Amino acid sequence: MAQEQRLMDIIQYLNVHEKITVEEICSLFHVSRDTARRDLVKLEEEQVIIRTRGGALLPKIHRKVDNYHNRLKAVSEEKKAIGKLAASFVRENDHIILDASTTVQAIGSFINQECTVITNSINLADILSDKQLPKIHLLGGVMQKEHRYLYGNSVIQRLDKYYVDKVFIGIVGISEKGLTIVDEEDGDVKKKMMQQAKQVIVVGDNSKIGITDFYQFANLSDIDLFITDKEPEEWFIQLLKENGVELLVADRKDGEG
């Protein structure tokens, strides 16, 4: 195997397992320890790995979440398709919680039946207010101006009074580390929302899969259903099965309707 192909395969392995040892490189690619070390030196020179004693890690990528208005401009057909499929789980007279993510906002665009919606999203409450049937409970708290959601102890205390049929949660990352997000305050609200629901539905496009961000607010085993827009890799499908999570993939063409 040529070095170029081997380097690509090492990166692919790291994307799944996060770390690799010299011994694993030798075993996987049937090369000597000297060759394995040269591969790691080459990848380090290209700044795609961090070398450790006996192996390598992928460098951590700190993902900056864009502000809400800019994210709204990027509500893709993928998110719309996810939103439409997720909204099909809302039944007449359901009580549901919707969080403040833009993917969850796409769900709100497809809700047209009589139901009760509890949310901490200012924009989502505005979208739903233009619809005749849904009843809206906007949770009061401290306003996060950049991303236009409400958080804090008052939001969590208010949520403690609600028991709902379903909760819809958006994410920054979903991986073997569970559900993760950038802001701890947002994560604490999402965690409480999940605790108050009979069914937990998590939504996220395929770019979120395999990502671990700063703050973990839930484990994979806390989820009932994960909806995404593209068939995940086999390792992730197996990870969901091991944690009892059902997987649904939205048809992107459905987002156009």
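Cut-offs applied
Counting of residues starts from 1 at the beginning of each chain's written sequence and follows it residue by residue. The predicted origin of the model limits local features to residues at a pLDDT of at least 70 and limits the giving and counting of side-chain atom pairs to 80 or more, whereas totals for whole chains, interfaces and linings rest on all residues. Neither water nor hydrogens contribute to the side-chain values; these are computed over all heavy atoms in the structure. For two strands to be treated as a pair, DSSP must find at least two bridges joining them. Only runs of H or I of at least four residues qualify as helices and only runs of E of at least two qualify as strands under DSSP, and these elements are numbered from the N terminus. Note on geometry: axes are C-alpha line fits, over the in-contact stretch for helices, and angles between N-to-C directions span 0 to 180 degrees. Note on contacts: a residue pair qualifies if any of its non-hydrogen atoms lie within 4.5 Å across the two residues. Here, the term nonpolar core denotes a set of buried Ala, Val, Leu, Ile, Met, Phe, Trp, Tyr and Cys residues that are joined through side-chain atoms within 4.5 Å. Residue burial is assigned from relative accessible area. The probe radius is 1.4 Å, only protein chains are included, and a residue is buried under 20% of its type maximum, exposed over 50%, and partly exposed in between.

Labelled according to an unreviewed UniProt entry, the protein chain appears under the name DeoR faimly transcriptional regulator, originating from Niallia circulans.

1. A word on the sheet that holds strand β10 (residues 173-175)
Spatially, the three strands line up as an open sheet ordered β10-β11-β13, and their pairing is antiparallel. In the strand order of this sheet, the two ends are held by β10 and β13 (215-218), each with one partner. Taking the axes of each pair of neighbouring strands and ignoring which way they run, one obtains an average angle of 35° across the sheet. Relative to strand β11 (residues 178-181), β10 is paired through three bridges, and the arrangement is antiparallel. What sits directly across from S175, in β11, is G178. Strands in contact with helix α9 (residues 184-195) are β11 and β13; relative to β13, the strand with the most contacts, it is inclined by about 10°.

2. Observations regarding the nonpolar core
Grouped together as the largest cluster of nonpolar side chains are 32 residues, with contacts concentrated most on I174, L179, F217 and F226. Those elements giving two or more residues to this core turn out to be α8 (153-159), β9 (164-170), β11, α9, β12 (197-203), β13 and α10 (234-242). Not counting residues within four places of it along the chain, the set of residues in contact with I174 comprises L179, K208, I209, G210, I211, L220, I223, F226 and F236. With 21 residues, the next largest nonpolar core counts L98, I111, C115 and I201 among its residues.

3. Regarding the environment of L159
Looking at where L159 falls in the secondary structure, it is placed in helix α8. Of the residues examined, L159 reaches a relative accessible area of 0% and is grouped as buried. In the structure, L159 is positioned 122 residues away from R37 in sequence and 53 Å away in space, judged by C-alpha atoms. Apart from the residues within four sequence positions on either side, L159 is in contact with I97, I118, L139, V189, K192, M193 and Q196.

4. Considerations on the sheet that holds strand β1 (residues 19-21)
The three strands are arranged β1-β3-β2 in an open sheet whose pairing can be described as antiparallel. Each edge of the sheet is formed by a strand with only one pairing partner; in this case those strands are β1 and β2 (50-52). Strand-to-strand twist across the sheet, computed as the mean angle between neighbouring axes with direction ignored, equals 25°. Of the strand pairs in this sheet, β2 and strand β3 (residues 55-57) are connected by three bridges, and their pairing is antiparallel. When the sheet's bridge partners are listed, T52 is paired in β3 with G55. Of the strands in this sheet, β1 and β3 touch helix α1 (residues 3-17), which is tilted by about 125° from β1. Along the sheet, helix α2 (residues 22-29) makes contact with β1 and β3, crossing β1 at roughly 80°.

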